[in-house]
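Chain residues, written in single-letter form:
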Amino acid sequence: MGELSPSGNVQVSDVLPRRIGVLGGTFDPVHIGHLRGALEVAEMMALDELRLTPNARPPHRDTPQVSALDRLAMVECAVAGVATLVVDPRELQRDKPSYTIDTLELMRAELAADDQLFLLLGWDAFCGLPMWHRWEELLQHCHILVLQRPDADSEPPDALRNLLAARSVSDPLALKGPSGQIAFVWQTPLAVSATQIRQLLASGKSVRYLVPDAVLAYIDAHGLYRASN
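Cut-offs and rules
- Residues numbered from 1 in each chain as written.
- Predicted model: local features only at pLDDT ≥ 70, side-chain atom pairs only at ≥ 80, totals over all residues.
- Heavy atoms only, no water.
- Phe/Tyr/Trp six-rings, centres within 6.5 Å; stacked < 30°, edge-to-face > 60°.
- Helix = DSSP H or I, 4+ residues; strand = E, 2+ residues; numbered from the N terminus.
- Buried < 20%, exposed > 50% of the residue type's maximum accessible area, 1.4 Å probe, protein only.
- Core = buried A, V, L, I, M, F, W, Y, C linked by side-chain atoms within 4.5 Å.
- Contact = heavy atoms within 4.5 Å.
- Pairing = 2+ DSSP bridges.
- Axes fitted to C-alpha atoms, helices over the stretch in contact; angles between N-to-C directions.
- Salt bridge = Lys/Arg side-chain N within 4 Å of Asp/Glu carboxyl O.

Focus: the packing of aromatic side chains
Then, in step 1: Inspection of the entire model under this criterion finds 3 aromatic pairs.
Then, in step 2: Taking 6.0 Å as the distance between ring centres and 35° as the angle between the ring planes, the aromatic pair formed by Trp123 and Phe126 counts as tilted. Taken together, the positions of Trp123 and Phe126, both in helix 4 (residues 123-127) and 3 residues apart, correspond to about one turn of that helix.
Then, in step 3: The interplanar angle of 45° and the centroid separation of 6.0 Å between the aromatic rings of Trp123 and Phe184 together place this pair among those described as tilted. In this pair, Trp123 sits in helix 4 while Phe184 sits in strand 6 (residues 182-186), placing the two residues 61 residues apart along the sequence.
Then, in step 4: Its relative accessible area of 7% is what places Trp123 among the buried residues.
Then, in step 5: Note on Phe184: relative accessible area 22%, which makes it partly exposed.
Then, in step 6: Chaining the aromatic ring pairs together yields one cluster made of Trp123, Phe126 and Phe184.

Digging into the nonpolar core
Then, in step 1: Grouped together as the largest cluster of nonpolar side chains are 39 residues, with contacts concentrated most on Leu50, Met74 and Leu145.
Then, in step 2: Within the residue set of this core, elements represented by two or more residues are helix 1 (32-44), strand 2 (49-54), helix 2 (68-79), strand 4 (116-122), strand 5 (143-148), strand 6, helix 6 (194-202) and helix 7 (213-222).
Then, in step 3: Looking at this core element by element, the count peaks at 5 residues for helix 2.
Then, in step 4: Excluding residues within four positions of it along the chain, Leu145 makes contact with Val41, Met45, Phe118, Leu119, Leu120, Leu121, Pro172, Leu175, Ala183 and Val185.

What about the sheet that holds strand 1 (residues 19-25)?
Then, in step 1: Here we have 6 strands laid out as an open sheet, ordered 3-2-1-4-5-6, and parallel in their pairing. Among the strands making up the open sheet, the edge pair consists of strand 3 (85-87) and strand 6. Neighbour-to-neighbour, the strand axes of the sheet open up by a mean angle of 30°, direction not taken into account.
Then, in step 2: Sheet topology note: the strand 5/strand 6 ladder contains 5 bridges and is parallel. Looking across to strand 6, one finds that Leu145 is bridged to Ala183.

Thoughts on the pairing of strand 4
Then, in step 1: With 6 of its 7 residues buried, strand 4 lies for the most part within the structure.
Then, in step 2: As paired elements, strand 1 and strand 4 share 4 bridges and run parallel to each other. When the bridges of strand 4 are listed, Ile20 appears paired with Leu117.
Then, in step 3: Across 5 bridges, strand 4 lies against strand 5 in parallel orientation. Following the sheet pairing, Gly122 is matched in strand 5 by Leu147.

So, the pattern of salt bridges
Then, in step 1: Applying the stated criterion across every chain yields a total of 13 salt bridges.
Then, in step 2: For the salt bridge of Glu49 with Arg18, the shortest nitrogen-to-oxygen distance reads 3.5 Å. One end of the pair, Glu49, is in strand 2; the other, Arg18, is in the segment before strand 1, with 31 residues separating them in the sequence.
Then, in step 3: Given a relative accessible area of 15%, Glu49 falls into the buried group.
Then, in step 4: Among the residues examined, Arg18 registers a relative accessible area of 34% and is labelled partly exposed.
Then, in step 5: Notably, a salt bridge pairs Arg226 with Asp220, separated by 2.6 Å at the nearest N-O pair.
Then, in step 6: The exposure class of Arg226 is partly exposed, given its relative accessible area of 25%.
Then, in step 7: Since its relative accessible area comes to 44%, Asp220 is described here as partly exposed.

Describing the pairing of strand 2
Then, in step 1: In terms of burial, strand 2 is largely enclosed, as 6 of its 6 residues are buried.
Then, in step 2: A two-sided burial pattern is seen for strand 2, the buried positions comprising Glu49, Arg51 and Thr53 on one face and Leu50, Leu52 and Pro54 on the other.

Structure follows, in C-alpha cells:
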C-alpha cells in the first residue's frame, strides 16, 4: 500500500499497480482443466484477480449447447470461495458476438493507466489469433500469456512469428508496463475437455472429478447435457 501523507491520505503514486488476468471461454461446462490452469497462473503471476469471462456467442466456435445463464451459473458455482478467481459476466450482456478486443477495451477503461492486464490464451487459441476481430490491437490493451502444455508442438502461423520476435519475453514475471508483451506459461497437462464431458453426460456416464462437485450438482439439478436435451 502507499504511505500516508502528512494529511493522513494515501498517496496514489505509491500504490502498486493492480494485476488483472482475463480467461474467456464458452465454459460449456467449466471443468477442472479451466480451473486448475487459472489458479496456477493466478498464483504464479501473483494476480490480484483472474476474471473468468463466459462468451455469449463466440464468433469462431459452435453455439454453446446450454444457455448463457446456465453456463454463467456453473462458473459462479465453480469459483465460489476462491478469492482470486472471479466471474465477469459482461460478454453475456451483449446482444452481439463476443469479440475479445471489445472486452479488453472496456476493462482497460475501468483500470488505472498503470494497472497490468493479462489475457490468458491456450496454444490453439493463440495460433488462431490472426482470424480474430482486430487482433493486431489486442496488445495495446493487455499482455498475452500463452498457456502451453508440453505436448503442444505445432508451429505458429507466419503472421505471429514476427509478433513473437518483437514482443515475446522469456520470463512471464518480467512483463513490464500495463500491456504490449507476450510470454509463455507452461501448464500441468490435464487430459479433460468440455467435449468429453458433454459426451459422457449424454451417454449417461459420470463426470465426477472432472468438474467441481458444485458444478456437477448444478448439472444434475437442471438436467443439462442429457441425451433428451
